[in-house]
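# Structure at a glance
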Amino acid sequence: MILEVGVGASLALVVVLAWQGVNIAPFIFLAVMLGLLYYFTTVRNGGKKEFTVVEANKSSGLVDFEQIGGQYTAKKELLEALDFIRYPERIAKMGIRPLKGILLVGPPGTGKTLLAKAAAAYTDSVFLTAGGSEFIELYAGVGAQRVRDIFSKARSLALKEKKSSAIIFIDEIEILGGKRGTHTSHHEYDQTLNQLLVEMDGLSVDDRVRVLLIGATNRADLLDKALLRPGRFDRVVQVDLPDFEARQEILRLHVGNKPLDYDVDLEKLARETFGFSGAHLESVANEAAILAMRDNKERISQHHFTEAIDKVMMGEKMERKPDKEELWRVAVHEGGHALASELQRPGSVANITTTPRGKALGYMRQRPQKDSYLYTQEYLEEQIAIMVAGAVAEELVLGNRSTGAANDFAQAVEVAKRIIASGMSSLGVVSLEDLPGSLMHKEIQQIIAEQEAAVKDLLTPYSALLMELAEILVQAEKVSGDFLRRRLAEEKAANGIKSA
Ligand code: ATP
């Protein structure tokens, strides 16, 4: 604003001088020089960056710890650390140096930003947030200046708001705090990081405003060691993907403001969403509400949630429909995956569909019985069998395979590599780096071929059921896991096979 008024007034002055016959050439020269200076120092650097400031109360964007589902360990560690800010007298009395930084490490969407906001609400601090990339510019010194700016802004803002503490949250801190000397334009990167270290070292318990830096990253391995040494990021808090209990809790939090039908079973939904982050779960709740609204329903039903899971996992429904022949092949393929899954792991199929979503023409969604973090050889082999079962089913029913199985095989190769890397293949324990590529390739082929043969034996007696499933899929687009289990039990009873 001041700039605009200044430019306007100068322009008016120059016009008046020109009118009075004064030579204005030197003024124009000066104006051009000033303009160029402004352009190179400010505009080309993306303008003067303003960091986002969130006010320290819940109605204006902060959350409290109760609004964060799961993350029990992270919350506990964070709360302990924050008491250093809440009770500074106790800390000073004991001669404890102030806590300067907390690093939150974990995959995207697990609630790191939420935790930082909750930390600000808990300590009644002003909260400033910025992304690591906002500090990095082409021009030497700009990043360092921005680091100085955010720390001084945190202090001045806290004083203005009469608060005694400020929290600065820097997301993707690995961009600004990466190992020194590894970047091509490393001088600028190094200067920026050095400035961050200087600012952190300058924080003291006697300051009128206690500043705490919270960094978030999912690549702690990229960070410069200097940042991680004691006295800087003193606490490293792991923020993991939510487990079953936590997924239930997060879902409950996100459906709190939504009208639910009586059939909604959050436990079942939590079971079906293994591997989802908090952000995925929030999206499931939101998408389910959108689907219910599109259906003109007053309440959200379980089937809206299951469809929302499919959408979040696989992407939006595609308009493009395969022709009759292709649709039959897709139905056989997906039926094969589902039968193999259910026969090996009863209760594992959530649903099968031939609705094209994202890049997939159809898919079978599994429902893990429990959250697993360790896998046995048998489990991984079963997984390969389920992955190749689509191609095997196509061969059984249609007499040949198609390119539709390419992605399945790519996944099967990854699982086979995992078996080899864990020393569970016929090669025994191997050093992956020293293993010749041809040997690795041969072993992968063998592992997958064995499972192809096994799954062919498994599916052959159920060919009639496979065809039936495919026919229903062609008609109805979707078959539930419960229906498949019922039909499989009937089939087994008719053939005198005991169900598991
Ligand atoms: P990124 O690393 O991508 O920046 P993040 O870990 O900082 O992600 P957030 O921004 O905190 O993740 O989370 C995104 C959204 O996901 C939140 O606004 C919230 O709706 C939801 N969410 C994530 N984790 C949780 C959780 N534990 N409880 C409730 N909601 C969550």
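Report follows, based on the coordinates. Please read all numbers here as calculations on a predicted model, not as lab measurements.

Taken as a whole and judged by the stated rule, the model has 20 salt bridges. Here R271 ties to E267 by a salt bridge, and the two come within 4.0 Å at their closest N and O atoms. Highlighted residues: R271 and E267, both in helix α11 (residues 266-271), separated by four residues, approximately one helical turn. By relative accessible area, which is 27% here, R271 ends up partly exposed.

Taken together, 16 residues are adjacent to the ligand, and G69, G109, K112, T113 and H254 come closest. A distance of 3.1 Å separates an oxygen atom of the ligand from a polar backbone atom of T110. Out of a free accessible area of 630 Å², the ligand has 77% covered by protein chains. When grouped by side-chain class, the residues that make up the shell around the ligand number five nonpolar, eight polar and three charged.

This part takes up the environment of S165. Topologically, S165 is positioned in strand β4 (residues 165-171). Counting along the chain gives 41 residues from S165 to D124, while the straight-line C-alpha distance between them is 7.3 Å. Residues in contact with S165, not counting those within four places in the same chain, are I85, T123, D124, S125, V126, A158, V209 and R210. Side-chain polar atoms of S165 contact the side chain of S125, separated by 2.7 Å.

Let us now look at helix α3 (residues 72-86). Helix length check: α3 (15 residues) gives 20 Å between terminal C-alpha atoms against 21 Å at 1.5 Å per residue, within 8%. For α3, the complete set of buried residues consists of A74, K75, L78, A81, L82 and I85. Of the surrounding elements, those touching the buried residues of α3 are α4 (88-93), β2 (101-105), α5 (112-123), β4, β5 (210-217) and β6 (233-238).

What counts and what doesn't
- Residues numbered from 1 in each chain as written.
- Predicted model: local features only at pLDDT ≥ 70, side-chain atom pairs only at ≥ 80, totals over all residues.
- Heavy atoms only, no water.
- Salt bridge = Lys/Arg side-chain N within 4 Å of Asp/Glu carboxyl O.
- Helix = DSSP H or I, 4+ residues; strand = E, 2+ residues; numbered from the N terminus.
- Buried < 20%, exposed > 50% of the residue type's maximum accessible area, 1.4 Å probe, protein only.
- Near = heavy atom within 4 Å.
- Polar contact = N/O pair within 3.5 Å; in protein donor to acceptor, adjacent residues only side chain to side chain.
- Areas by Shrake-Rupley, 256 points an atom, 1.4 Å probe, with all protein chains shown as cover.
- Nonpolar A, V, L, I, M, F, W, Y, C, P; charged D, E, K, R; others polar.
- Contact = heavy atoms within 4.5 Å.
- Expected span 1.5 Å × (residues − 1).

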